Each structure stands twice: as C-alpha cells, then as structure tokens.
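Now for the letters of each chain:
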Amino acid sequence: MSISISPAPPKTEASATGSGPPARHDPPIIVFERVSKSYPNGVSAVQDVSFTVRPRDFVFVVGASGAGKSTIIRLLIREETATKGHVLVEGQDLARIRHRHLPRLRRKMGIVFQDFKLLPKLTVAQNVAFAIQVTDPGRSYLKEKVGEALYIVGLEDKLNSYPTELSGGEQQRVAIARALIHRPRIFLADEPTGNLDPDAGWGIVQLLLQINHRGATVVMATHNREVVDLSRRRVLAMEGGRLIRDEQEGHYLKDGEANL
Ligand SMILES: Nc1ncnc2c1ncn2[C@@H]1O[C@H](COP(=O)(O)OP(=O)(O)OP(=O)(O)O)[C@@H](O)[C@H]1O
Ligand SMILES: [Mg+2]
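Residues numbered from 1 in each chain as written. Chains lettered and ligands numbered in written order. Predicted model: local features only at pLDDT ≥ 70, side-chain atom pairs only at ≥ 80, totals over all residues. Heavy atoms only, no water.

Participant: Sorry if this is basic, but what is going on with the environment of L142 here?
Facilitator: Position of L142 among the secondary structure elements: in helix 4 (residues 139-152). Accessibility expressed as a relative area gives 11% for L142, which makes it buried. As a C-alpha pair, L142 and I181 span 39 residues in sequence and 9.5 Å in three-dimensional space. (Helix = DSSP H or I, 4+ residues; strand = E, 2+ residues; numbered from the N terminus. Buried < 20%, exposed > 50% of the residue type's maximum accessible area, 1.4 Å probe, protein only.)

Participant: Can you help me understand the packing of aromatic side chains in this one?
Facilitator: In this description, a pair of aromatic rings is defined by centroid distance and the angle of the planes. Tallied over the entire structure, the rule returns two aromatic pairs. With 4.5 Å between their ring centres and 15° between their planes, F32 and F51 make a pair best called stacked. Placement of the pair is F32 in strand 1 (residues 30-38) and F51 in strand 2 (residues 44-53), with a sequence separation of 19 residues. Taken as a pair, F32 and F51 share a single burial class, namely buried. Geometrically, the ring pair formed by F58 and F60 is edge-to-face, given 5.1 Å between the ring centres and 65° between the ring planes. A residue is classified by how much of its surface remains accessible, and F58, at 2% relative accessible area, is buried. Residue classification places F60 among the buried positions, given a relative accessible area of 0%. Across the ring face of F113, the terminal group of K117 is positioned such that the distance to the ring centre comes to 5.0 Å. The lysine or arginine in question, R233, covers the ring of F58, its NZ or CZ lying 5.9 Å from the ring centre. (Phe/Tyr/Trp six-rings, centres within 6.5 Å; stacked < 30°, edge-to-face > 60°. Lys NZ or Arg CZ within 6 Å of the ring centre and 35° of its normal.)

By themselves, these figures tell us nothing about what the structure is for.
Written out as structure tokens, the structure is:
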C-alpha cells in the first residue's frame with residue numbers, strides 16, 4: 001500500500017491561529033483513573049485503564065477488534081459510564097454530570113465515526129448546520145459558521161451538493177466540518193478512515209492533525225497501521241481491554257510485537 005499525500009504537519013511550530021505546541025505543563029484535559037467497564041452481558045471491555053491527555057495532544061488508540069477502543073471513546077462522551085474508576089474531562093468527573101447537562105459536555109467535543117452518519121436528504125451545508133440550527137437560528141451567523149467549517153475541511157465549493165454526490169473521503173470531511181461547528185476543544189474519532197481507501201484515509205488523518213495544530217486535543221481510535229506509523233504521535237495500545245503500551249511518537253506495533 002502506498003500513500004502519496006504530503007507528510008503530516010509539523011508538531012511544534014506555532015500555527016497560523018497561534019495555538020502552539022502541546023501544553024506539557026497545563027493540567028490534563030482527559031484523565032482515565034483505573035477505569036473498568038463491564039457491559040451488562042458480563043463482557044469486560046476495559047480493565048483497569050489509566051492515562052492522562054494534555055491539552056493539544058494527539059493520541060492514537062490502537063488495538064485488535066474487540067480490544068476496547070470504541071468503549072474508551074463511548075466513555076469519553078458519557079454514552080457509557082465506568083463500572084469502576086473515574087473518567088474526567090477538564091477536571092469534571094463524567095459520572096457526576098446530570099443527564100440534562102450532557103448536551104453541554106458533548107458540545108465541548110467533536111466526534112466522527114467510521115460511517116459518516118450524514119443525512120442523505122440534506123445538502124452539505126444543511127448537514128453541517130444541523131447541529132447548531134436548533135440553538136442558533138440566526139441566518140447570517142449560521143452561514144458564516146458553516147462556511148468557516150467547510151473551509152477548514154476544504155469543501156467550501158460543495159455547499160449545495162448532497163452526500164451521495166460526494167466521495168467517501170469528502171463525506172467524512174463533511175462529518176468533520178459538522179463536528180467542528182461548536183469549535184470543540186476535544187475532537188474524538190472512532191475509526192474515521194475505516195471506510196476509505198489509503199489516500200483518502202491519509203487525507204482525513206492530515207486534516208485531524210491540522211485540527212490538532214489549530215489547538216484541539218485529538219483522540220483517534222484506529223486499526224490503520226500505516227497512518228499511525230507515518231504520523232509519529234502518541235500511541236495507546238489496547239489488548240483485551242487492557243492498556244498495554246503508552247508511547248510518545250509511537251508506532252502501531254512495538255518492535256517484536258505480534259500483529260494486532
Ligand atoms: N454494547 C455492548 N454490549 C456488550 N458488549 C459490548 C458492547 N459494546 C462492545 N462490547 C464488547 O466489548 C468489547 C470491546 O468492544 P469495543 O467496541 O470497545 O472494541 P473495539 O476495540 O472498538 O473493536 P473494533 O476494532 O472491532 O471496533 C468487545 O468484546 C465487544 O464485543
Ligand atoms: Mg470500535
């Protein structure tokens with residue numbers, strides 16, 4: 001498999017928006033403190049997992065199918081709650097957030113999935129606007145926000161297209177634009193390249209690296225060995241629900257490790 005797109009953006013240079021490098025000394029934006037998650041059917045999806053993520057860090061969560069990657073993402077958006085331990089976002093214990101305050105938590109986060117979850121009967125602009133239409137009906141404001149999000153993902157010329165008229169990579173970009181609309185501080189991606197060919201997948205990872213460079217913290221769950229090895233970012237490796245490796249500028253596999 002060959003990837004022909006230009007390399008990942010630099011990690012340490014200040015960006016045009018002035019966000020700068022990861023904030024090593026700021027308090028962590030995400031904390032997993034001895035977290036376990038058992039599903040009602042008894043499956044232990046995550047077992048005694050601890051890690052912290054600093055603001056503006058970029059983290060890959062890797063591991064074989066069933067290793068617990070998506071469960072980590074679901075715990076972060078409080079779609080699931082930890083059976084043991086604590087998950088904190090910006091210092092707030094997610095278990096303590098009342099149900100009615102969950103939308104506020106989720107507005108801090110952008111999230112994209114393997115399947116793009118676009119609404120087929122809405123145009124690109126309408127899909128992107130959908131998330132704020134309810135709270136911010138002001139037309140010019142909405143147009144400006146949608147334009148800005150589509151500009152970031154490089155699709156400002158596709159405003160009026162429908163999802164079926166776009167390639168998979170473009171559809172994922174629309175999903176990313178939609179997730180960017182609230183300017184989230186944390187961007188979560190669960191297998192965002194899973195349905196894409198290598199070039200389109202690498203394009204999406206580059207976009208996430210760019211979003212990180214603009215100041216967001218990014219956590220990306222993936223099976224995609226090549227993009228992890230090319231990006232040289234932090235790697236959290238999961239196996240059977242356990243965190244087996246936490247490495248800065250890591251690889252998908254550790255030397256000598258069996259294929260995940
Ligand atoms: N809602 C659920 N109810 C019961 N078991 C679940 C549920 N979701 C996941 N599991 C189980 O928990 C374990 C971890 O699943 P998870 O989806 O987190 O893995 P994953 O690493 O994301 O896998 P994949 O790479 O296939 O997406 C698996 O054994 C899975 O079968
Ligand atoms: Mg998964």
